[in-house]
Amino acid sequence: MAIMVLSFPLMRAYARRVERSSLDPTEKVHRLRRGPTVYTLVAGVASTVGAVELVKELGFVDVGARLPILLAALFLATIGSVTGAYLGIRPAYERLRGIENTGAQAPKRFVRVILVLVLPQVVWLSLFVSLRHRIPGVAILALALGYLVLVAASGPLLLRAAMKTREADPATREHAMRLCEANGIRINGVRIIDTKHDPTANAAFAGFGVGPKYMFLTDHLLDQFSDDEATAVMAHEIAHRKKHHILLKLVAVVLVIVVASLVLALLAPSAHGRVVGLALAITLPLVLFGTILLVNGFVGIRLERQADDYACAVAGPDATRRALEKLAELNMIKRRTGWLWNALQQHPGIQQRLDRVARRTGPEPARAGRRH
C-alpha cells in the first residue's frame, strides 16, 4: 500500500529534478519515460516480497481461499503504482514535449488504456485461479494458448477501444491498401490515431489469424513524413504481418509458460507445507511475467531488425534512414539505449537501427501509389 501511495509524490519529485537538470531535452524525456517503468518494476518486486513475508508470518492454512485475495492485492498495488507514477511525471513530460495542457483528459485517456489493455489480464488471472484445482495442467496450458490467440486476434478492436481513431482520408487509405496488396497482405482498413494530446509519429499493424486486420497511423506521422518515408514506416509494419512476427512472439510466450509449468511441477514436491506452496504461488506470476518480458523483448529486437530490413527492400535504405531519423527527432527518442531498456521496449536502440540500415544497399523501392 505504501508503494502505491508514494508513487505519485516520488515520481513528481523525480520529474521536477529531471526537468531542472542540465541534461539535453531528449535525455530528459527519456528519463521521464524510463522512471515510471523502473518504479513499477521495483514496486512489483517489493509488493511480492511483502506478500510472501506476510504469508510466512500469518501462516495461512487455506491456500485456495487466500491466493486470489493476495494476487488481487498485488494487481491493485501494481496498477495503483503505474497510475500514480504516470500522473506524477505527466506535467513535466508535457512541458518538455511542448504539449498543450490536457487537463483532466490525459488521466481519463490513461485510465481507458489501462482498462482496455489490463482488463483481459484480470479476466485470465481470475479464470486461472478459479480453475487451477479443477482441471488438469494440460487444459490450463490450452486455455493460456487460447487466451493469447484471442488477444492477438482482437488487437485491432482493443486498439480502437483504447485510443481515439478515425477513418483515413481516401488518398492515405488508397496508398496504404495498395502498399499492403503489393506486398501480399490484405487488410480491412486504415485508421488514423489522433495525437494532439501527445504528438507522436508512429504506425502499427494489428490483427492475427482470421480476425480483423488494420493499419494504424498517427496523424503526426502523416503530417511530418514524406511519401517515401511514410512508405518505409508502413513497410516495416507490413513485415511484422508478412513474416508472422505475432505468431513467433506467441510461440515464445507459450514456450516460457510450458517451461515454467515444468519447473513448477518439479518444485512442487519439494515445497513442503501450505505456507511454502502459497509463497511459491505468489512469486510465480511475477517471475513468469518478468521472463516473458525479457524473452519477448529479445525476440522482439530480432524481429524489429527483420522489419527494418524489409522496409529497406520496399522503400529503399535512404527513405528508411530518413524515417528513423524523423522518428527519433519528432518523438524525442534517445539514440543509444541499454540492452535492458531495449528488451523492455522490444526494439533496438534508434542508433543501432540506423547503423544497420547504413550497411544495407537494398534494391530500388517497389512503387505502390502516392498520397496526395
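Residues numbered from 1 in each chain as written. Predicted model: local features only at pLDDT ≥ 70, side-chain atom pairs only at ≥ 80, totals over all residues. Heavy atoms only, no water.

(A) Structural detail: the packing of helix α7 (residues 170-182) against helix α9 (residues 227-242). Viewed as axis vectors pointing N to C, α7 and α9 meet at an angle of 50 degrees, and their least axial separation amounts to 11 Å. In terms of orientation, α7 lies oblique with respect to α9. The handedness of the crossing between α7 and α9 comes out as right-handed. Only Asp 227, Thr 231, Met 234, Ala 235 and Ile 238 of α9 make contact with α7, whose side of the interface consists of His 175, Ala 176, Leu 179 and Cys 180. Across the contact of α7 with α9, the residue classes tally to six nonpolar, two polar and one charged. (Axes fitted to C-alpha atoms, helices over the stretch in contact; angles between N-to-C directions. Helix = DSSP H or I, 4+ residues; strand = E, 2+ residues; numbered from the N terminus. Parallel < 35°, antiparallel > 145°, perpendicular 65-115°, else oblique. Left-handed = near helix turned anticlockwise from the far one by under 90°. Contact = heavy atoms within 4.5 Å. Nonpolar A, V, L, I, M, F, W, Y, C, P; charged D, E, K, R; others polar.)

(B) Examining the packing of aromatic side chains more closely. Tallied over the entire structure, the rule returns two aromatic pairs. Summarising the aromatic geometry, the rings of Phe 298 and Trp 339 are spaced 6.0 Å apart at their centres and angled 15 degrees between planes, so their arrangement reads as stacked. A residue pair is termed long-range when its members are at least 10 positions apart, and Phe 298 in helix α11 (residues 274-315) and Trp 339 in helix α13 (residues 339-345) qualify at 41 residues. On the basis of relative accessibility, which here comes to 58%, the residue Trp 339 falls in the exposed class. The ring of Phe 225 has Lys 326 lying over it, and the distance from NZ or CZ to the ring centre is 5.6 Å. (Phe/Tyr/Trp six-rings, centres within 6.5 Å; stacked < 30°, edge-to-face > 60°. Buried < 20%, exposed > 50% of the residue type's maximum accessible area, 1.4 Å probe, protein only. Lys NZ or Arg CZ within 6 Å of the ring centre and 35° of its normal.)

(C) Structural view of the sheet that holds strand β1 (residues 165-167). Strand order in this open sheet of four strands is β1-β2-β4-β3, and the pairing throughout is mixed. Every interior strand has two partners, whereas the edge strands, β1 and β3 (203-206), have only one. Here the average twist between neighbouring strands, direction ignored, is 30 degrees. The pairing of β1 with strand β2 (residues 189-193) spans three bridges and is classified as antiparallel. Its bridge partner lying in β2, Arg 166 is registered against Ile 192. Contacts from α9 reach β3 and β4 (214-218) within the one sheet, and its direction differs from that of β3 by about 25 degrees. (Pairing = 2+ DSSP bridges.)

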